[in-house]
Amino acid sequence: MVLTGSLNNLSLRLADVQRHDEALAVTREVVDFLRRLAADAPARQEAEALYRSLVAARPSLIPELNAVLGVRAKALDVMGRRQEAAEARRRKVPDSSR
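Remember, it's a predicted structure, so these values are computed and weren't measured experimentally.

1. Let's talk about the nonpolar core
For step 1, the next point in the chain: If you look at the biggest cluster of nonpolar residues, it comprises 8 residues: Leu7, Leu14, Ala23, Val26, Val30, Leu34, Val71 and Ala75.
For step 2, the next point in the chain: Elements with a contribution of two residues or more to this core: helix H1 (2–16), helix H2 (20–39) and helix H4 (62–78).
For step 3, the next point in the chain: The element that contributes the greatest number of residues to this core is H2, accounting for 4 residues.
For step 4, the next point in the chain: In terms of nonpolar packing, the next biggest core, distinct from the first, is built from 7 residues, Tyr51, Val55, Val68 and Leu69 among them.

See below:
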């Protein structure tokens with residue numbers, strides 16, 4: 001997921017330059033976003049459907065789709081929703097380019 005990946009990278013760069021409070025704030029923002037995403041089933045389904053249509057046109061995007069599903073699974077795990085997390089992991093697409 002581009003947004004969460006970018007924010008995660010920002011957090012890492014901030015930590016690299018000893019701006020730990022700002023890095024922590026960005027990390028919390030990512031976690032809050034992921035929790036909202038995990039809680040919002042219609043948005044999740046819409047986002048996954050959009051990624052799947054993009055992957056159909058550009059198979060090179062399979063890693064991004066799988067990253068979205070992985071992030072969702074992690075968020076669901078954090079919330080204690082283990083079965084939903086496992087289902088998100090099962091929906092990952094095999095990537096033959098690796």
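2. Regarding the side chain of Glu48
For step 1, the next point in the chain: As for its placement among the helices and strands, Glu48 is situated in helix H3 (residues 41–57).
For step 2, the next point in the chain: According to the relative accessible area criterion, Glu48 is buried, its value standing at 8%.
For step 3, the next point in the chain: In terms of polar contacts, Glu48 uses its side chain to reach the side chain of Arg91, at 3.0 Å.
For step 4, the next point in the chain: When near neighbours in sequence (up to four residues on either side) are disregarded, Glu48 contacts Leu65, Leu69, Arg72 and Arg91.

3. Considerations on the side chain of Asn66
For step 1, the next point in the chain: Take Asn66: it is sitting in helix H4.
For step 2, the next point in the chain: With a relative accessible area of 13%, Asn66 lands in the buried category.
For step 3, the next point in the chain: When near neighbours in sequence (up to four residues on either side) are disregarded, Asn66 contacts Lys92 and Val93.

Rules and cut-offs
Residues numbered from 1 in each chain as written. Predicted model: local features only at pLDDT ≥ 70, side-chain atom pairs only at ≥ 80, totals over all residues. Heavy atoms only, no water. Core = buried A, V, L, I, M, F, W, Y, C linked by side-chain atoms within 4.5 Å. Buried < 20%, exposed > 50% of the residue type's maximum accessible area, 1.4 Å probe, protein only. Helix = DSSP H or I, 4+ residues; strand = E, 2+ residues; numbered from the N terminus. Polar contact = N/O pair within 3.5 Å; in protein donor to acceptor, adjacent residues only side chain to side chain. Contact = heavy atoms within 4.5 Å.

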